[in-house]
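Residue-level structure breakdown
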Amino acid sequence: GPRQVWLRVTWPVARPAVAAGVALATMETLADFGTVSYFAVDTFTAGIYRAWQSLRDRAANLDALLIVGDDQKELFDLDRMPAIAIYYGQTIRNLARTTVPPGDWENSARMRRREETKDADYPIHHVLARSLIEGLSDCGFDITAIRDLPPGESEGHAFSFIHRQYSASRDIPIVPIFLNDFYPPNQPTPARCVALGEALATLIHSFPDPLRIGLMA
């Protein structure tokens, strides 16, 4: 009968698609923020958002903040892409927004990381940055050292996001650490990234000044 046909033929054929649909709907619900918050449903995304927001107060108590982030062809391109780089200048610049043609959604999104009205220079803990460059080099890491930005260049999204969202106006010195996690052929392997994290922890703990140092990655 129809019931047996559904159980033995239709359902076994449809079952993988149904399971995939349920999984996608579940992941979308867990990742959503606006809709579920309207219905007062707590999700992973809401919890992550609250944790990020709480970093404002935590960051206020830091002497320095290490930020490990990638560069999406902002300072570097495929002709010059270091595997690991550390910026050790006195300050790092974030440029003001420029006018973007209507319909250029990609550059419109990129402009959101820029300053609203004028360029801003954010402090770098250059002593700590240089110490990390020297220490990581001693540990066998090939570090690209950056002392200044070329004219017209701006810090990348990984650093401007933190400046604008969590430490704006607090003047917390940062140490920008660039990690090529995407562009071949010189992406560090997962094992190398773990070794980098362990080396950073060792160097931070052995830094002679008693600093309160945070790390975001």
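It should be noted that the structure appears before, not after, this text.
Notes on the structure follow. From a predicted model like this one, the values you see are computed outputs, not experimental measurements. (Residues numbered from 1 in each chain as written. Predicted model: local features only at pLDDT ≥ 70, side-chain atom pairs only at ≥ 80, totals over all residues. Heavy atoms only, no water.)

Counting secondary structure elements, the protein contains 7 helices and 7 strands. Put simply, the protein runs from its N terminus to its C terminus through helices and strands in the order α-α-α-β-β-β-α-β-α-β-α-β-α-β. Taken across its 217 residues, the protein has 34% of its residues classed as buried. Within the structure as shown, the protein displays about 13500 Å² of accessible surface, and the carbon and sulfur contribution to it stands at 57%. (Helix = DSSP H or I, 4+ residues; strand = E, 2+ residues; numbered from the N terminus. Buried < 20%, exposed > 50% of the residue type's maximum accessible area, 1.4 Å probe, protein only. Areas by Shrake-Rupley, 256 points an atom, 1.4 Å probe, with all protein chains shown as cover.)

Position of Asp70 relative to the elements: it lies in the loop between strand 1 (64–69) and strand 2 (84–87). Despite its burial, Asp70 pairs with no opposite charge, the nearest such side chain being Arg110 at 10 Å. Within the structure, the side chain of Asp70 is placed 3.3 Å from the side chain of His157, a separation counted as a polar contact. Setting aside its immediate chain neighbours within four residues, Asp70 contacts His157, Ala158, Leu179 and Asp181. (Lys, Arg positive; Asp, Glu negative; His and termini not counted. Salt bridge = Lys/Arg side-chain N within 4 Å of Asp/Glu carboxyl O. Polar contact = N/O pair within 3.5 Å; in protein donor to acceptor, adjacent residues only side chain to side chain. Contact = heavy atoms within 4.5 Å.)

Moving on, we come to the pattern of salt bridges. Tallied over the full model, the rule gives 6 salt bridges. Across the salt bridge formed by Glu74 and Arg113, the nearest N and O atoms sit 3.9 Å from each other. With Glu74 in the loop between strand 1 and strand 2 and Arg113 in the loop between helix 4 (105–111) and strand 4 (120–123), this residue pair connects regions lying 39 residues apart in the sequence. When its relative accessible area of 14% is taken as the criterion, Arg113 is described as buried. In this structure, Glu106 engages Arg110 in a salt bridge whose closest nitrogen and oxygen atoms are separated by 3.8 Å.

Before going further, it helps to spend a moment on the sheet that holds strand 1. Spatial ordering of the open sheet is given by 5-2-6-1-7, a layout of 5 strands whose pairing is mixed. Every interior strand has two partners, whereas the edge strands, strand 5 (144–146) and strand 7 (213–216), have only one. On average, adjacent strands in this sheet sit at an angle of 20° to one another, irrespective of strand direction. Bridge analysis of strand 1 against strand 7 gives 4 bridges, and the strand direction is parallel. If you follow Leu66 over to strand 7, its bridge partner there is Leu215. (Pairing = 2+ DSSP bridges. Axes fitted to C-alpha atoms, helices over the stretch in contact; angles between N-to-C directions.)

Its location among the elements puts Asn94 in strand 3 (residues 91–94). Assessed through its relative accessible area of 0%, Asn94 is described here as buried. Among the polar contacts made by the side chain of Asn94, one reaches the side chain of Ser154 at a distance of 2.9 Å. Leaving out residues up to four positions away in the same chain, Asn94 has contacts with Arg113, Arg114, Glu115, Asp119, Ala120, Tyr122, Ser154, Glu155, Ser160 and Arg164.

Cis rather than trans, the peptide bond between Pro184 and Pro185 has omega equal to 15°. A positive phi angle, close to 55°, is found at Lys73, a residue other than glycine. Among the residues examined, Lys73 registers a relative accessible area of 45% and is labelled partly exposed.

Structurally, the α-helix is built with 3.6 residues per turn, so residues lying three or four positions apart point the same way. The end-to-end C-alpha separation of helix 7 (residues 190–206) is 25 Å, in line with the 24 Å expected for 17 residues at 1.5 Å each. Every buried residue of helix 7 is accounted for by Leu196, Ala199, Leu200, Leu203 and Ile204. Angularly, the buried residues of helix 7 cover 135° about the axis, an arc narrow enough to put them on a single face. Helix 7 presents Pro190, Ala191, Glu198, Thr202, His205 and Ser206 as exposed residues on the side facing more than 90 degrees away from its buried surface. Those residues of helix 7 that are buried are in contact with strand 1, strand 2, helix 5 (126–138), strand 6 (174–179) and strand 7. (Expected span 1.5 Å × (residues − 1). Arc of directions from axis to C-beta.)

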